[in-house]
Amino acid sequence: MSGAFHFERVAIVGLGLIGGSLGHAVKRAGLARHIAGHARSEATRKRALEIGFVDSVHESAAEAAKDADLVVVCTPVGALGPVAAEIEPHLKKGAILTDVGSVKLAVIRDMGPHVPEGVHFIPGHPIAGTEESGPDAGFAELFEGRWCILTPVPGTDQAAVDKLNAFWTACGSKVDVMEPKHHDLVLAIVSHLPHIIAYNIVGTASDLETVTQSEVIKYSASGFRDFTRLAASDPTMWRDICLNNKEPILEMLGRFSEDLTALQRAIRWGDGDKLFDLFTRTRAIRRSIVDAGQDIAAPNFGRNPTHAQPGGKQDQ
Ligand code: NAP
């Protein structure tokens, strides 16, 4: 550490919602003397520089990562392995290499083999996001009060874990350390399944022939539109999550299907008590989320403009 900075040079590879928000947060908190950025397209690199959440942009991930003390890879999960392979020869001894991918075992599988001796690889996942993507979607407050999960592999240097923990804390996050396998199971139920269900229900509605498309849109405020927010999330990101967290997702989908069948039976047999009990239990979960500070208590998800929070933050 030098002066007030946590890091001299931070490299952010992938300059979309998460990479952009991280750049803004690092700048706001003054955590790095220099932020070097890389994204695949020239348009994104140019835009990131214009917005100003990076200090320099580079045509290759390797150039951005060169001499960095902290490298945060913020690309879709499917690109993490190839990016790690590209930057491997350029990583500085003693540097921390991390990511923000929404799954962790697959990331360790894909990035792990490309970590040179003396580089501290600490996978991470900020549980914060919106349905927007790209460099214009980022904002400094995204991580405020949200959890960031670190999943260090056995034998990782504790001082490096503490340093990354302090970094995310300074970005506004609360930090938890977890086994990668457990992370993937927990996220399968709290994030991956809700998105898959949302993609599915919106797909079903768009295929319906008995209800016209325009009626689906017109009357969407009765519930449908709340699913469409999740179902508007980035297709590349969610394809990669499904492909890379297969087993936990299939396990949770199996349980979900069984519970759905039980619900179907309760409706068929007019078992009002069963329905009422379930709906009462689920309502209590909503209250617990608000009590834990992970959502606001405002009705209708704060859609009333006087209750809206910056950026329409959600967790993923
Ligand atoms: P995003 O807004 O779509 O941004 C992705 C960025 O990665 C873009 O700048 C893209 O560049 C760049 N990129 C893609 N492939 C690349 C490659 N091969 N080499 C270099 N750059 C590449 O996505 P995001 O929402 O920030 O998500 C990024 C990561 O964060 C994902 O791993 C996701 O699982 C994780 N995550 C997302 C959320 C969320 O809510 N969105 C929350 C937590 C974690 P171009 O613009 O040039 O294509």
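Up top is the structure these notes are about.
Per chain, residue numbering runs from 1 following the sequence as it is written. Two thresholds apply to this predicted model, a pLDDT of at least 70 for residue-level local features and 80 or more for giving and counting side-chain atom pairs, whereas whole-chain, interface and lining totals are computed over all residues. To get the side-chain values, all heavy atoms of the structure are used, and hydrogens and water are removed first.

Enquirer: Can you walk me through the side chain of Asn244 in this structure?
Expert: Mapped onto the secondary structure, Asn244 falls in helix 10 (residues 235–244). The exposure class of Asn244 is buried, given its relative accessible area of 17%. Residues adjacent in sequence count toward polar contacts only when both atoms are side-chain atoms; beyond that, a polar contact is any pair of N or O atoms within 3.5 Å, and within protein one must be able to donate a hydrogen and the other to accept it. Within the structure, Asn244 has its side chain in polar contact with the side chain of Arg109 (distance 3.0 Å). Separated by 2.8 Å, the side chain of Asn244 and the backbone oxygen of Asp240 make a polar contact. Only runs of H or I of at least four residues qualify as helices and only runs of E of at least two qualify as strands under DSSP, and these elements are numbered from the N terminus. Per-residue accessibility, obtained with a 1.4 Å probe over protein chains only, is compared with the maximum for each type, and a residue is labelled buried under 20%, exposed over 50%, and partly exposed between these values.

Enquirer: What is the right way to look at helix 1 (residues 17–29) in this model?
Expert: The periodicity of an α-helix, 3.6 residues per turn, causes residues three or four positions apart to be oriented the same way. With 13 residues, helix 1 extends 18 Å from end C-alpha to end C-alpha; this agrees with the ideal 18 Å at 1.5 Å per step. When helix 1 is considered as a whole, its buried residues turn out to be Leu17, Ile18, Gly19, Gly20, Ser21, Leu22, Gly23, Ala25 and Val26. Note on contacts: a residue pair qualifies if any of its non-hydrogen atoms lie within 4.5 Å across the two residues. Residues of helix 1 that are buried sit in contact with strand 1 (7–13), strand 2 (32–38), strand 4 (70–73), strand 7 (124–126) and helix 6 (158–170). Under the convention used throughout, the expected extent of a helix is 1.5 Å for every residue step, that is, one less than its residue count.

Enquirer: How should the packing of aromatic side chains be read in this particular structure?
Expert: Centre-to-centre distance and the angle between the planes together describe a pair of aromatic rings. Two aromatic rings, drawn from Phe, Tyr or Trp (for Trp, its six-membered ring), form a pair once their centres lie within 6.5 Å of each other, and the interplanar angle then sorts them: stacked below 30 degrees, edge-to-face above 60, tilted otherwise. Tallying each qualifying case throughout the model produces 3 aromatic pairs. Arranged with centres 5.7 Å apart and planes meeting at 75°, the rings of Phe7 and Phe167 form a pair that is edge-to-face. Of this pair, Phe7 sits in strand 1 while Phe167 sits in helix 6, and the two are 160 residues apart along the sequence. Neither residue differs from the other here; Phe7 and Phe167 are each classed as buried. On the numbers, 6.0 Å between centres and 80° between planes, the contact of Phe167 with Trp168 is edge-to-face.

Enquirer: In this structure, what is going on with the pairing of strand 4? I would like to understand it.
Expert: Burial of strand 4 is two-sided: the residues Leu70 and Val72 facing one way and the residues Val71 and Val73 facing the other way are all buried. For two strands to be treated as a pair, DSSP must find at least two bridges joining them. Relative to strand 4, strand 1 is paired through 4 bridges, and the arrangement is parallel. Note that in strand 4 the partner of Ala11 across the bridge is Val71. Following the backbone out of strand 4, through helix 4 (residues 77–87) and into the adjacent parallel strand 5 (residues 96–99), one traces a crossover that is right-handed. Crossovers are described as right-handed under a simple rule: with the strands pointing away from the observer, the path leading from the first strand over the helix to the second runs clockwise.

Enquirer: How should the sheet that holds strand 7 be read in this particular structure?
Expert: Hydrogen bonds between backbone atoms are what pair the strands of a sheet, whose relative direction is either parallel or antiparallel. Ordered by their spatial adjacency, 3 strands build an open sheet running 7-8-9, and the pairing between neighbours is mixed. Across the chains shown, the open sheet's two edge strands, defined by having one partner strand only, are strand 7 and strand 9 (174–177). The average undirected angle you get between the axes of adjacent strands in this sheet is 20°. As paired strands, strand 8 (residues 147–150) and strand 9 are joined by 4 bridges and run parallel to one another. Its bridge partner being in strand 9, Cys148 is matched across the sheet by Val175. Comment: axis = line fitted to C-alpha atoms, over the contacting stretch for helices; angle = value between 0 and 180 degrees taken between N-to-C directions.

Enquirer: Explain a negative patch on the surface to me, please; I cannot follow it from the model alone.
Expert: Here, patches come from residues exposed beyond 30% relative accessible area and free of salt bridges, joined within 9 Å for like charges and within 5 Å for nonpolar side chains (Val, Leu, Ile, Met, Phe, Trp, Tyr). Method for areas: the Shrake-Rupley scheme with a 1.4 Å probe, in which residue coverage is limited to the protein chains shown. A carboxyl oxygen of Asp or Glu within 4 Å of a side-chain nitrogen of Lys or Arg is what we treat as a salt bridge. Counted as positive: Lys and Arg. Counted as negative: Asp and Glu. His and the chain ends are not counted at all. All charge positions are set by atom: Lys at NZ, Arg at CZ, Asp at CG, Glu at CD. Where like charges cluster on the molecular surface, the negative patch consists of Glu42, Glu59, Glu63 and Glu86. Among the structural elements, Glu59 can be located in the loop between strand 3 (56–57) and helix 3 (61–65). Glu59 gets classed as exposed once you look at its relative accessible area, which sits at 65%.

Enquirer: Just to check I follow, could you spell out the sheet that holds strand 3 for this structure?
Expert: Taken in spatial order, the 6 strands make up an open sheet running 3-2-1-4-5-6, and their pairing is parallel. Here the strands that pair on one side only, and so sit at the sheet edges, are strand 3 and strand 6 (120–121). Note that strand 2 and strand 3 share 2 bridges and pair parallel. Bridge pairing in strand 3 places Gly37 opposite Val57. On top of the sheet, helix 1 reaches strand 1, strand 2 and strand 4; it is set at about 165° to strand 2, its chief contact. Where helix 4 meets the sheet, it contacts strand 1, strand 4 and strand 5, and its direction lies at approximately 150° from that of strand 4.

Keep in mind these values describe shape, not function.
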